[in-house]
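Chain and residue survey
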Amino acid sequence: MTVIISSHPWEIDNEGNPENMSEESEKREWHIKGSHVFPPGINSCVFPKQTSSLTLSAGSLDAELVVTPALPPDFHITLHTHDTPDGESTVVELKMGSHPAPKIILYTSHACPWAHRSQIALAELGLEFETVIIDLTVPRTPEYLAINPRGLVPALSYNGEILTESGVISQFLVDAHPSHLEKTSREEGGALQRARYNFFIETYFAKVAPHVVKAGIGKTLEEREQAATSAIDNIVKEIEPLVQNAAPFFGGSERLTFVEVQVGSFLLRLLAFSKYDGLLPKNFLTLEEKAPAFWKWANAVSKEKSVTYVWDEEALAKRQRERYEKIRAA
């Protein structure tokens with residue numbers, strides 16, 4: 001079989017129209033590995049960091065692309081394959097170009113685990129953004145209520161469009177900027193992967209998270225320990241089997257996935273607050289023996305820079321203790 005390579009360099013002007021790239025940017029080399037038939041299809045990738053070497057895959061064919069000079073930030077590669085009319089050859093078209101970086105403003109609080117989700121997603125995607133800290137201990141300002149009438153965090157301004165709710169924001173960012181975090185539904189295995197990710201996330205927040213909350217705010221030590229026991233039992237029953245193949249991250253991934261984006265901030269607090277008096281019951285520490293796969297996975301997540309870069313454990317533990325004491329005394 002013959003493999004034909006054609007390239008169409010392009011970029012987007014200020015009005016959103018394609019235009020030719022500079023002559024210098026068109027310097028490139030193509031190295032093709034393999035010569036097997038693969039089905040027509042389109043795969044798109046976004047590379048937020050500068051790089052000079054990429055590996056693209058379409059079916060059973062791998063194409064290694066070496067570009068001179070290094071690619072600019074937010075460089076897009078689209079790999080499009082189709083058969084020639086005679087069926088004897090396959091054409092591989094690679095379209096290249098840059099899109100203007102989005103203007104992102106994140107309204108957040110470092111004390112809020114829900115807002116922390118958006119910060120993990122933005123960091124893991126390598127996106128530049130402005131941070132506006134919202135003080136959750138005082139009434140919201142009229143300016144912030146104009147952005148989010150509920151007064152909650154996070155809120156995200158993306159090129160002037162406002163999004164609220166942490167799960168919605170994280171999913172939007174991952175969908176708008178395809179990456180290692182999650183496949184698109186059109187990619188091979190993408191729909192199944194997304195279903196499995198969503199099942200895990202829903203299971204954690206339905207079966208575990210409510211008990212962890214009660215383990216913190218229960219009025220008596222007995223109530224808190226009973227809630228902790230319920231959380232531990234559900235982790236052993238529901239979560240432990242789902243992370244058996246974590247390596248070290250969900251589904252055997254070597255890098256964070258969308259699962260860790262959604263639950264990472266809660267894992268971080270579960271492990272940390274169990275070590276302090278007056279926060280979560282110490283029996284959460286028995287998870288190391290009762291759910292070793294979960295324990296190993298949660299600790300790996302809690303060490304990732306994109307999870308911890310806004311984390312001040314001692315300060316947040318002190319603040320959380322004060323919050324728990326106030327709720328318990330009410």
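Calculation criteria
- Residues numbered from 1 in each chain as written.
- Predicted model: local features only at pLDDT ≥ 70, side-chain atom pairs only at ≥ 80, totals over all residues.
- Heavy atoms only, no water.
- Pairing = 2+ DSSP bridges.
- Helix = DSSP H or I, 4+ residues; strand = E, 2+ residues; numbered from the N terminus.
- Axes fitted to C-alpha atoms, helices over the stretch in contact; angles between N-to-C directions.
- Contact = heavy atoms within 4.5 Å.
- pLDDT = per-residue confidence, 0-100.
- Parallel < 35°, antiparallel > 145°, perpendicular 65-115°, else oblique.
- Left-handed = near helix turned anticlockwise from the far one by under 90°.
- Nonpolar A, V, L, I, M, F, W, Y, C, P; charged D, E, K, R; others polar.
- Phe/Tyr/Trp six-rings, centres within 6.5 Å; stacked < 30°, edge-to-face > 60°.
- Expected span 1.5 Å × (residues − 1).
- Buried < 20%, exposed > 50% of the residue type's maximum accessible area, 1.4 Å probe, protein only.
- Arc of directions from axis to C-beta.
- Lys, Arg positive; Asp, Glu negative; His and termini not counted.
- Salt bridge = Lys/Arg side-chain N within 4 Å of Asp/Glu carboxyl O.
- Core = buried A, V, L, I, M, F, W, Y, C linked by side-chain atoms within 4.5 Å.
- Domains from an automatic or database assignment.

The protein has the name GST N-terminal domain-containing protein in an unreviewed UniProt entry, where Monilinia vaccinii-corymbosi is given as its organism.

1. Brief notes about the sheet that holds strand β10 (residues 104–108)
Strand order across the open sheet formed by four strands is β11-β10-β12-β13, with mixed pairing between neighbours. Only two strands of the sheet have a single neighbouring strand rather than two, namely β11 (130–133) and β13 (161–164). Strand-to-strand twist across the sheet, computed as the mean angle between neighbouring axes with direction ignored, equals 20°. Contacts between helix α1 (residues 113–125) and the sheet are confined to β10 and β12 (155–158), with β10 contributing the most and set at about 150° to the helix. Contacting β12 and β13, helix α3 (residues 166–176) runs over the sheet at an angle of about 30° to β12.

2. Digging into the confidence of the model for the protein
Looking at the protein, the pLDDT average stands at 79 and 70% of residues meet or exceed 70. Of the regions scoring below 50 in pLDDT, residues 1–75 engages in 165 contacts with residues more than four places distant in sequence or in other chains.

3. Here's the deal with the packing of α1 against helix α7 (residues 258–273)
Two elements in contact, α1 and α7, have axes separated by 8 Å at closest approach and are oriented at 130°. By the angle class used here, α1 and α7 are oblique. Classified by chirality, the crossing of α7 by α1 is right-handed. Here Pro113, Trp114, His116, Arg117, Ile120 and Ala121 of α1 come into contact with α7, specifically with Glu260, Val261, Gln262, Gly264, Ser265, Phe266, Leu268 and Arg269.

4. Regarding the packing of α7 against helix α11 (residues 313–329)
Running from amino to carboxyl end, α7 crosses α11 at an angle of 80°, the nearest separation of the two axes being 11 Å. The angle between α7 and α11 places the two elements in the roughly perpendicular class. The residues of α11 that touch α7, namely those facing Arg269, Ala272 and Phe273, are Glu313, Leu316, Ala317 and Gln320. Classifying every residue of the contact of α7 with α11 by side-chain character gives four nonpolar, one polar and two charged.

5. A short note on the pairing of β13
Bridge count for β12 against β13 is four bridges, and the pairing is antiparallel. Bridge pairing in β13 links Leu156 to Leu163.

6. Some remarks on the environment of Lys326
Take Lys326: it is sitting in helix α11. Sequence separation between Lys326 and Ile217 is 109 residues; the distance between their C-alpha atoms is 9.1 Å.

7. Things to note about the packing of aromatic side chains
Here the structure, examined in full by the defined rule, presents eleven aromatic pairs. Through a chain of ring-to-ring contacts, the aromatic side chains of Tyr197, Phe200, Phe250, Phe294 and Trp297 assemble into a single cluster.

8. Considering helix α6 (residues 221–239)
It helps to recall that an α-helix has 3.6 residues per turn; residues three or four apart then point in one direction. The end-to-end C-alpha distance of α6, which contains 19 residues, comes to 25 Å, matching closely the 27 Å that a straight helix rising 1.5 Å per residue would cover. Those residues of α6 not exposed but buried are Arg224, Ala227, Ala228, Ala231, Ile232, Asn234, Ile235 and Ile239. Seen end-on, α6 carries its buried residues on one side only, within an arc spanning 165°. Of the exposed residues in α6, those oriented more than 90 degrees away from the buried face are Glu222, Gln226 and Lys237.

9. Description of helix α9 (residues 292–301)
With seven of ten residues buried, α9 is to be regarded as a mostly interior element. Among the residues making up α9, those that are buried are Ala293, Phe294, Trp295, Trp297, Ala298, Ala300 and Val301. On its buried face, α9 is in contact with α4 (190–207), α6, α7, α8 (287–290) and α10 (305–308).

10. Details of the side chain of Ser109
Secondary-structure assignment places Ser109 in the loop between β10 and α1. Taking the relative accessible area as the measure of exposure, Ser109 reaches 4% and is therefore buried. Non-local contacts of Ser109, meaning those with residues more than four positions away in its chain, are made with Ala115, Ile134, Leu136 and Val153.

11. Section: the side chain of Arg269
Relative to the helices and strands, Arg269 resides in helix α7. Despite being buried, Arg269 has no salt bridge partner; Glu313 is the closest side chain of opposite charge, sitting 10 Å away. Those residues within four positions of Arg269 in sequence are excluded, and the remaining contacts are His110, Ala111, Cys112, Pro113, His116, Ser274, Leu280, Trp311 and Leu316.

12. What about the nonpolar core?
Counting 60 residues, the largest nonpolar core has Leu173, Tyr204, Leu270, Phe284, Leu287, Phe294 and Trp297 as the members making the most contacts within it. At eleven residues, the largest contribution of residues to this core is made by α7. Counting contributing residues per domain, this core is built from domain 2 (101–179) and domain 3 (183–329), each supplying no fewer than three. Sequence-distant contacts of Phe284, that is, excluding residues within four places in its chain, are made with Val212, Ala215, Ala228, Ala231, Ile232, Leu270, Ser274 and Trp295. The next biggest cluster of nonpolar side chains, apart from the first, holds eight residues, and it includes Ile105, Ala115, Ile134 and Val153.

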